[in-house]
Each structure stands twice: as structure tokens, then as C-alpha cells.
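Below, each chain spelled out in residue letters.
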Amino acid sequence: MNFDDEDRLELQHLAGGNIVQHAPVFSEHGRFIFVRCGLKVQVFVTSTGELTRELNDATSPLISMELDVKHPELLLGCTSSGQLLHWHWRTGVLQKSVNLKLGIDKQQILTFNLMNLYKGGGDTACAFVTVKRKSGESLSWFVVNTSTGTPIDIVCGLKLKIRTPVVDISKGSFKYILLAQGVYVYFINYETWMCWRTINKDEKMVTCVRLNPNEEMAATGDEYGRIIVWRQFNQPETVLRAEYHWHASPVTSLAFSPTGMSFFSAGHENVLVKWSLLADKSRMFLPRMSAIIRHIVISDGMEHLLVCTEDNALQFVRAGDMQLLSSLQHFTYALQDKTGRSMFPLGLCLNPRTNSLVLNGRIGQLQFYSAYTKSLLYNLRVVDGNVNSEEVGKVIYNTCVTRAAFNINWMATGEEYNDELNFPELRLKFWKYHEKFQTYQLNTNIELPHEHGFQAIVFSNQFQVQNLRCASAGKDNVIKLWTLVDSENIYNRNVMWSCAAQTSFKQQVLVSMCFSQDGSILAAGYGHTLVLFDARSLRLLHALSTSAGYDGVVSKAQLRLSQTPINGTRSELTQQRQQLWNLLQTLLNSNDQKLIQQARQLMSSATSGQCKISVGQNPKAKAKKLVFKHIMQMSELGLHQKLQLLRRFGIECKVHDNCQNRLLSYLNNCVVDHRAAQKRIWTLQARLHRLQPSKRFKAKQRLVRFENRRRSYEKLVSQELLPLFSVLKLDETTKPKCRHSELKRAKPLGKTAPLQCSAQISHVQFGAGAQAHLVAICTETRVLIWNLMTLRLQAGLKLSVRQMAFDPLTNLIAAVTRNNELHVFQPNVPLPVYQRSNLPKLHGLVWLPRRQPKQSSINVDWQAQSTLHMLTDDKEIVYLASPGQTLTDDAPAPISFAQQPHGDQLLQYATFGTFMARQTTGENTEIAQKSGPLIVGRGVHSAVNALVNLSAHTMPAMSLICGEFLKSLLTPTESGAERNGDAKETLSNGKLNGNGHIGSDLDDNDEEEEDEDYVESTTEVRKILLEQNAALEKVNCKEEEELTLDARLQRIAKLDVYLDF
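Small disclaimer: the values here were computed from a predicted structure and weren't measured.

Scoring rules and cut-offs
Here, residues in each chain are numbered from 1, in the same order as that chain's written sequence. Whole-chain, interface and lining totals are the exception, using all residues; otherwise, since this is a predicted model, local features are given only for residues with pLDDT of at least 70 and side-chain atom pairs are given and counted only at 80 or more. Hydrogens and waters are ignored; side-chain quantities use all the structure's heavy atoms. Think of it this way: any DSSP run of H or I at least four residues long counts as a helix, any run of E at least two long counts as a strand, and we number them from the N terminus. Computed by Shrake-Rupley with a 1.4 Å probe, the accessible areas treat only the displayed protein chains as cover when residues are assessed. Here the rule is simple: two strands pair whenever DSSP picks up at least two bridges between them. Any two residues having at least one pair of non-hydrogen atoms within 4.5 Å are treated as being in contact. In this scheme Phe, Tyr and Trp rings, the latter by its six-membered ring, pair at centre separations within 6.5 Å, and the angle between planes marks the pair as stacked below 30 degrees, edge-to-face above 60, and tilted otherwise. Relative accessibility under 20% of the residue-type maximum defines a buried residue, over 50% an exposed one, and the middle range a partly exposed one, all with a 1.4 Å probe and only protein chains included. In this text, buried Ala, Val, Leu, Ile, Met, Phe, Trp, Tyr and Cys residues form a nonpolar core when linked through side-chain atoms within 4.5 Å. Whenever Lys or Arg places a side-chain nitrogen within 4 Å of a carboxyl oxygen from Asp or Glu, that contact is recorded as a salt bridge. To obtain an axis, a line is fitted to C-alpha atoms, over the contacting stretch when the element is a helix, and the angle between two such axes runs from 0 to 180 degrees between their N-to-C directions. Polar contact is defined as a pair of N or O atoms within 3.5 Å, subject to the rule that within protein one atom must be able to donate a hydrogen and the other to accept it, and that residues adjacent in sequence are counted only when both atoms are side-chain atoms. A score from 0 to 100, pLDDT tells how confident the predictor is in each residue. Helix span, expected: 1.5 Å multiplied by one less than the number of residues in the helix. What the arc covers is the set of directions going from the helix axis to the C-beta atoms.

1. Regarding the overall build of the protein chain
The number of helices and strands found in the protein chain is 13 helices and 61 strands. As displayed, the protein chain offers around 57,800 Å² of accessible surface, 50% of which is attributable to carbon and sulfur atoms.

2. Notes on the sheet that holds strand 5 (residues 51-55)
Taken together, the 4 strands give an open sheet; going across it, the order is 2-3-4-5, and neighbouring strands pair in antiparallel fashion. Every interior strand has two partners, whereas the edge strands, strand 2 (25-26) and strand 5, have only one. Both strand 2 and strand 3 (residues 32-37) contribute to a ladder of 2 bridges, which runs antiparallel. Bridge pairing in strand 3 links Phe26 to Ile33.

3. Points about the side chain of Gln181
Tracing the sequence through the fold places Gln181 in strand 15 (residues 176-181). With residues near it in sequence (within four places) discarded, Gln181 still touches Leu139, Leu160, Lys161, Ile162, Arg163 and Tyr186.

4. With respect to the packing of aromatic side chains
Tallied over the entire structure, the rule returns 26 aromatic pairs. Ring centres 6.0 Å apart and planes at 25° place the aromatic pair Phe368 and Tyr440 in the stacked group. Here Phe368 is found in strand 32 (residues 365-370), whereas its partner Tyr440 is found in strand 37 (residues 439-447), with 72 residues between them in sequence. Like Phe368, the residue Tyr440 is buried in the burial classification. Among the aromatic side chains, those forming a connected cluster through ring pairs are Tyr176, Phe187, Trp196, Trp230 and Phe233.

5. Some words on the nonpolar core
By size, the foremost hydrophobic cluster in this structure holds 22 residues, and its most contacted members are Leu14, Phe331, Leu348, Leu357, Leu359 and Ile877. Mapped onto this core, the elements with two or more residues apiece are strand 1 (10-15), strand 31 (356-360), strand 54 (842-849) and strand 56 (877-881). The element best represented in this core is strand 56, accounting for 3 residues. Among residues more than four places away in sequence, those in contact with Leu348 are Leu357, Val358, Leu359, Gly844, Leu845, Val846, His869, Met870, Leu871 and Ile877.

6. Details of the pattern of salt bridges
Applying the stated criterion across every chain yields a total of 20 salt bridges. Its salt-bridge partner being Lys171, residue Glu66 comes within 3.1 Å of it at the nearest N-O pair. One end of the pair, Glu66, is in strand 6 (residues 62-67); the other, Lys171, is in the loop between strand 14 (166-169) and strand 15, with 105 residues separating them in the sequence. The class for Glu66 is buried, based on a relative accessible area of 14%. Salt-bridge contacts for Arg341 lead to Glu420; the nearest nitrogen and oxygen are separated by 3.0 Å. Remark: Glu420 occurs in the loop between strand 35 (410-417) and strand 36 (425-434) and Arg341 occurs in the loop between strand 29 (323-328) and strand 30 (349-351); sequence separation between them is 79 residues. Since its relative accessible area comes to 32%, Arg341 is described here as partly exposed.

7. What about the sheet that holds strand 54?
In spatial order, the strands read 1-56-55-54; together these 4 strands make up an open sheet with antiparallel pairing. Two strands bound the open sheet, and with one partner strand each, they are strand 1 and strand 54. Averaged over all adjacent pairs, the angle separating strand axes in this sheet is 35°, with direction ignored. As defined by bridge partners, strand 54 adjoins strand 55 (residues 866-872) across 7 bridges and the pair is classed as antiparallel. Its bridge partner being in strand 55, Gly844 is matched across the sheet by Leu871.

8. Here's the deal with unusual backbone geometry
Phi angles above zero are rare outside glycine, and Glu420 is one such case at about 60°. Of the residues examined, Glu420 reaches a relative accessible area of 56% and is grouped as exposed. At Lys875, a residue that is not glycine, the phi angle is positive and equals roughly 60°. Take Lys875: it is sitting in the loop between strand 55 and strand 56.

9. Remarks on the environment of Asn388
Relative to the assigned elements, Asn388 resides in the loop between strand 33 (375-381) and strand 34 (400-406). Remark: the alpha-carbon pair of Asn388 and Glu269, spanning 119 residues in sequence, is separated by 9.0 Å. Excluding its chain neighbours within four sequence positions, the residues that come into contact with Asn388 are Ile396, Tyr397 and Asn398. Reaching out from Asn388, the side chain makes a polar contact with the backbone oxygen of Tyr397 at a distance of 3.0 Å.

10. Things to note about the side chain of Asn360
Among the structural elements, Asn360 can be located in strand 31. When its relative accessible area of 7% is taken as the criterion, Asn360 is described as buried. At 2.9 Å, the side chain of Asn360 forms a polar contact with the backbone nitrogen of Leu346. Residues contacting Asn360, with those up to four places away along its chain left out, are Ala334, Met343, Phe344, Pro345, Leu346, Gly347, Gln365, Leu366, Gln367 and Val401.

11. Looking at the confidence of the model for the protein chain
In this model, the protein chain carries an average pLDDT of 79, and 74% of its residues clear a pLDDT of 70 or more. Contacts of residues 1035-1042 to residues separated by more than four positions or lying in other chains number 5 contacts, the stretch itself having pLDDT below 50. Between residues 1056-1061, whose pLDDT stays under 50, and residues either more than four places distant or in other chains, the model counts 17 contacts.

12. Comments concerning the environment of Val495
Position of Val495 among the secondary structure elements: in strand 41 (residues 495-503). In this structure Val495 touches Trp410, Asn443, Leu484, Val485, Asp486 and Ser487, once residues within four positions along its chain are discounted.

13. What about helix 2 (residues 593-605)?
In this model helix 2 runs 19 Å from its N-terminal to its C-terminal C-alpha over 13 residues, within 8% of the 18 Å that 1.5 Å per residue would give. Taken together, the buried positions of helix 2 are occupied by Leu595, Ile596, Ala599, Leu602 and Met603. Each buried residue of helix 2 sits inside an arc of 125° when the element is viewed along its axis, so together they form one side. Exposed side chains of helix 2 directed beyond 90 degrees from the buried face belong to Gln593 and Lys594.

14. Points about the pairing of strand 34
Counted residue by residue, strand 34 has 5 buried out of 7 residues, so it is predominantly covered. Of the pairings in the sheet, the one linking strand 34 to strand 35 comprises 6 bridges and is antiparallel in character. Paired with Cys400 across the bridge in strand 35 is Glu416. Turn length for the strand 34-strand 35 hairpin, with the two strands adjacent in sequence and antiparallel, is 3 residues.

Printed below as a string of C-alpha cells:
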């Protein structure tokens, strides 16, 4: 493939970005919050969560961000490369950008903290900076003038170690620097620059530090879960320590309240703890947070308490009663655990109802993200259970959503809990979309639909509701078909999902399956065979497999002799083979040398065993080669039987070094520890007695069968499997001792050759529209296109596909190879439309339909109908676009509520909540126009009706329509001469009410003559309306209070005013 052609597309960021890696910063009164996200600073409104502006002037990742002490409207940020930025954050203007001049080449700034110290003639506060020179060297520290970036000479005995420090600085009346590095804690007074060092209790690593804003007090948290509160630390002799211990895991964050009477702490338990510094040491808890708490930030006036969790969320908490108020989250992070499994087992899916992207989020939840508005719609909790917290040194398993499928009204999810010790727990759930609540509600829950795990879940159609079917496949290689039936619950008449059929194919491994576009055929990839089933009953239709070698593996053939003599076969050959077979069967159970010699003679005399021997070859080697060939050609024998016979004849077998470890690990997995198996049986027997008597008999019967199967398996292992270790020289006792000199001579092994095994279909995908008869399948090294009308292989591509996505609008297939290359092609013409290399590691990709499709061919713009979105390993969603092009370019045109600029434009008066509509007069015809209170525009086509009648799920973002909607409510101020058609309002007599007045138009021939009169009449009308409004407002308040309700109504009726013109 040629990737050297000019590529005009580049990867652009859509969603993601860690906003909790660093602690946010509140503004002076807590109305705004500043969040660091990579190279930019995002400013959010605290009350609404609205993103007001972004500061994008940094050239490298920001490591620090603080407000100046004396100038709170000035935001200072420092990058890892030493760039110091001064922003006026209210306007978003970068006032100054300087570089730190520390005199160090290739410096890396680790920490940057402002102090309440102004020196060197600068107008901004000085900063305490720690710098890393080279790997393995001690860190350096400086006090820097933030206005010029130059260091200030300070005399202090502080000497740092190699580790990255944790620093906090108080800016109140007590001016201290608290620094922790490993097990050491440093206290520095930055007025006198006196410092002293101490060691944490039990020499445990310090994980976080915090200083009290109002008094001489500090707090440190360590990896043991303890919090040490330090008092009077100006001298080592007078220091006081108090220990607070509740956390069982390392402390991640600390924060003091503005009053200094309490503090907050967090660890890996997902619990926020509030401690009281009074004598009672009372505490309050906010348990079951969404993820591990990383930072705790409190505004200066205690207006807001902000908790940053690892799932990329900012959660606001009421500090008084520890209640969760709101959450600010634009993209949910899937958390990495210690199990080694993928963070995104679901990949990237598309919800056809809202065209939103669906992927894994929090543990046991799915997140729905809108790429159109770049916002998180909601997190749906799928797993109904508690989340197990992390523990130090242990692997904790949780129930995760591994598969999901979507229909316009339904969603199917597969959740799995597998701790690698007990039998896996599987649940298949069907969810129905609820129109009223605008979310999914659980309809059917099926326990253990498969064994060991899920492989695929698919619906027969994304948009069809009638005759809808769903197919699920598990690691037990069984396909189950689910259909809708009436519920059996007499209290809630509804529909539910039930299993209609199930099937498998020759005990082959199943990985992927797909329905045809009309939902009539289900295609499944069993091993290297494409199997077609009837989607209504799972009846086998066809089984398609390629010729040898076309699926990307080495050609193989297995010959099996017929049981009956074939015409032309000599009878003596059949008798000789049968005699040899009987001898070999006897040798499997005995080691008689006479029988071995007799078998050798039969093999040497057989014509089929003759082979060409080179001149000078050893006769013993010749005999061994004949025996080896005869035994290996016996298709009736298994691998273990062949190895045993070769051992009887004195032929040793050795596994290649490259495959030895793999084979040894496989055999070890097959061997069962007898003690562990017996212990498990005893545990089951103990649980048996705790069951109810009605269920005890069935459980006892299942346990007996389990014991019988276990004994049979252990007997088979001892007789068939364990001898392989010695036969193949895999155990330690049979390995020959290798001299040290031979180890030195051994050459390093090259790249291991792939195992010569049968191909496995990993992806199956039907075409759509005119290409619905084509099926694309992917094996380890091939992409094959099958034509179901001819049942023949149509085309093939040499691609090793890891991820694949299909666009039904354009029939484009996007395939990502194992070398991170992207290939886009159509099934009918498997020529690449687009190619790209050096992609980041992906967890999934999906085609998202455009809101405004482009009218261009796929050869010109292959993303004209849909855009390809990809989920990277950095937990970001990216897409391919031209430089400067964004998703807002695809947004529909804003809805216009304004009047059309033609000659019949209305003259509106918005006085006292009423308006006046004129009546157009044609050729002796009057067309009355509807109007009413608070309605702006023309009847049915008014702005308010247009806004109200919009469907909620198709309504654009409010930021796109609010401007035009408000403009339509304004009163036009143009003069009659500036209008396209000049008109005059002739107001008829009537009462001043909400429906306004009816007027008439002048003829076009009199427009120029009546222009001045029209302007004067308009001014007079405005004056009269203002005078009548003043008359209506003159009401005697004292008299009105004394009147009854009937009297008030009569008085209001008398105030109706008639306008005479």
C-alpha cells in the first residue's frame, strides 16, 4: 500500500482531555472556576457549568495555575518548559509571556507556587519553583520574579532529594512553605528563610500536604492512610503532632476550611471525609462517590466545595451536611484497573435514535456523548450493584458491560463478572426507551444466557420495530435468538424478550456475527467457515469456506483411508496395513521388543513406507525415518498415542525452542491440582447442607455428576497428558544440562514464525442497498468478500484487520490493521478510497451521519455522508478533517424567526404587551390576519409557535436559535423610506385590548405622496398610546384596597378607553 500520497486530512480532537489531573482554581468570590486541560485553561461558570472562554496561549502542558494575591483578575500559569503566562482572565487577553531564566539547559519545571512576597521591583507575586536538571540528580529550587522570570538570591539551607516534591504555600498572615519529598517533610518560613526537616511516622511515604489558611497548622497524608496534623512547627522542639486515621488506602487529597476549624480528606475508598479539629475529633462522610477522589478544592468564602474524581468529573458538594449538589462533566473516563483487561470492551457504538456515541464510562455504566453539541448527554447505570473499591496489593474485580447493541426503541447489554476463580456471572438485559423520561428502562433481565462470556450481540434491524429479533453469542460458541412475546405478568401487561431458538456449528469457535439488511439471514463466523442461518428459526442454510490457502494460512490436507476396499487396491496392502494397525494398538499398552521388531519389519517391507535415502546415510537413521513417517501418517492415532509409539521405537521428540514455552503453558493449564479440586468439592458439600430441603436433592445430584466428571478428567490427565511432559522433554528432570560454554555460543533467536493453524473469522459484515448480497469477513491476514447470490468468493485483500466499521449510507468499510493503518474501501470494488498510516492505538471506530450531507461523490470526499470517529488509547475521540474545519461547519443553518423582507412586512408596536397588525388591501379584498397577546409574527408561522412546535430530539442547540428568536421579538425602527414597500397604517376604532387593532394599506400609486403623512400618523399613534397607558396606571391605591372584588371588576370595566382618530 502506498501512503506517500499527499494527505489533506488531519486528526482533530472531539472529546476527552483530562480536567482532573491538576487541582482547579476558584475565582475571588467563587463565581468562576479555572480548569487545566492539556495546553489550555477552561473557564466555567460555577452556578451553571457553562464554558465561558478558553485560554489557548500555552505551548507545552501547564503544571501550575494561580491567581495573583493582590491582583485577583490576573491569572498566572506556568508550563513544564518554563513559559510563564499572565492572563487577564475576564477578557481572555494574554498580557505578558516570559520565560524563566534559571540558567539550566533542558530544564523541566516540576512545581510552581506563588507566594505572598513581592521583591525585585515586580508588580506580581514571586514564586517558589522546583526544577529537574537530569535524571538521577538532586532537584534544584528557586525563588523567581514572575514579572521578569529571573531568579532572586535567597540564602536558605534547603537541599532537596531526587523525588518529585509535593508543595503547598500559605499566603495569609503565616507565611510558610510546606514541602514533602518521600518520607521527609520540610517547613520553611519564607520571611526569615529558616527551615528544618523531619521524618514522617514509621518512615511512610507522604502523598499530600496542606497548610491551614488562618493559623500555624499543617496536615500531611501518607500511603498508610494516616493524616498527621502539625502545630507550632516554627521550631523542631515545640512541634505538636495529632494523628487522624480512618482511610485504609493512601490519602490522595487534603483541604482545610476557610475558618480552619475542620478539614476534608479523601483516599481510594471513594469516600469524602470531613474532620473536626475540636477535641471530639468527630467526622462526617459522603460515601459512594463515582470514582477515586483526586483533589479537594474550597473557595475562599466556603461558597463551594469542589471534589475532583478520577472519572473526569467535577462534583460540587454542600459542606454543611455533605450532600452532593451538582456535577460538571463533559466526558467520562473509563478507569484502568489491575485486571489487565481493556478499558473499553464495548468499543465505540452508535445509538441510531439520537446519533450519539456510546462507550464505556464509569464502572458498570455506559455514557452517551453527542458529537453534534460536544456534550455528555447522560450516564446510564447498567449494572445494578455496588462497585468494589480498590485495595493495596490486590486485584479487585467488578461487573463490567462488555457488549451492547442498539435499536431505535431498544438496547441490549451484556454484563460479565469473572474473577478467574469462580464460574463467570453473565446477564443479558433488554432496555426500552421511555419517551416520557427520555432514557432507557429495564424490560427483561436474563441470567446466565451463555457460559464464560459474551462474544457478540446484534439486532436484526436498527430502525425496524415490528418483527424485531436479537441474536447473542457467547464463548460457549452457541447462538441464541431472542424475540418479543407477551409478558406473563398479570399485573403489568407488556412485552418481554424470550429465547426462540439456539444453535452451534461443529464445535467451532465463534467470534462475530451479523444480520443482513432485511433481517432475513444471520451470518456467523465459525472458525474459518462462514455459516448462514435463517434468521427466523436458525435453520442452517449454507456453510462457506475458501480453498486451501485463500484464508491466509498454510494449505493443509488430511487423508483418511476408506473403510471399504477401493476398486484397484491390492488386497495384500490392506491386510498389511490392518496387521500393522493391530501391532501398534498392542504396543500402546506394552513394551514387548518382539512386537517392536515385527512392526519394524512390516514398515520396512511396505512400499508406501519407502523413501529416497541419500548416499552414505546411516541405516539406523533410515529405519527411524521410515518408522516416524509411518506413525505420523496414521490418522487414526492421536498426538499422545503417536508420541508414545515413537518412544517405544527409540525415537526422541523435541519441541522447537520458540514454541516450547507456549506449549508448556498450555499443558500446565490443562493439568488440575488434585488438592485444589478436592478442596472445592468439600466447599460445595458444606454449602449443600445450607440449602432448603426442596432444592437439596437437585443440588446433591449435580454435585455427584460434577465429582464423576472430575474423576474421569483427572484419570485422563494422568494417563494421557502427564506423560507428554517427559516425552516432549518439557519437565525439569528430562531437560539436558547445558554447559556454560554452550550458552555463550547460543545465538539469539529470530522472530518466531506464526503457528500453522486454521484461520479464525474475527469480523462479519453485510453490505447495504445494492450491495446487500455481499458479505465481508476478516481473518488473521485476509479480508474476503463473499457473493451470496453465486455463493462464490468475489475478492480478497491482504490486510490484518483489528478494528472494522461499516457505513450503511455509503457502503464504505473502514478497517484498521494491526500496524495502525487505516484503509477505506467498498465491498463491490475492494480498492482503497483512502489510506492512512501511523494512527494512534484505537479501541474502536464508528461512522457518524452528517447533519447536513454534502452533495459530492465518495471519490471526491469519502466523508460527504458520514464522518469516521475513532476512540484512541488516550481516552479521546478524534476524527479526520481538513485543517481549520470543525464539526460546527456541519451544523444546520440557524432557525430564522424574522419576517421575510418583502413589501408586506408588518409594522409592529410592542407597547404594554400588545401589538398592532395591519390589514393588507388588494384589489377590493381584505385578508384579516390573526394576532393575539404575546404572539409575535403572523399567526401559525409566528416565532413562538415555530419554537414550541419543534421536536425536542431534533431541536438544535439553544445557542444557535436564541439570537434569531429574540430578534424576531424586537420592534423594527426603520422609517418608511427605508422599507422595501412603504405602507401606511389606518387604525380603525376599537377597544385597546390584547388583540390589537386592524388597519389598511394604501395603494402603491399614492406611496410617494403619502410618505410624510405616514410618518406623522405613526408619531401621533405612539403619543396617543403613551397617554392612554398613563391613564390606565393612575389608580388610587387606598381606594382600591377598600373595594371588594366585584367593585374592583366594575371599576376596571369603566376604565376601558376608546381611541378615536
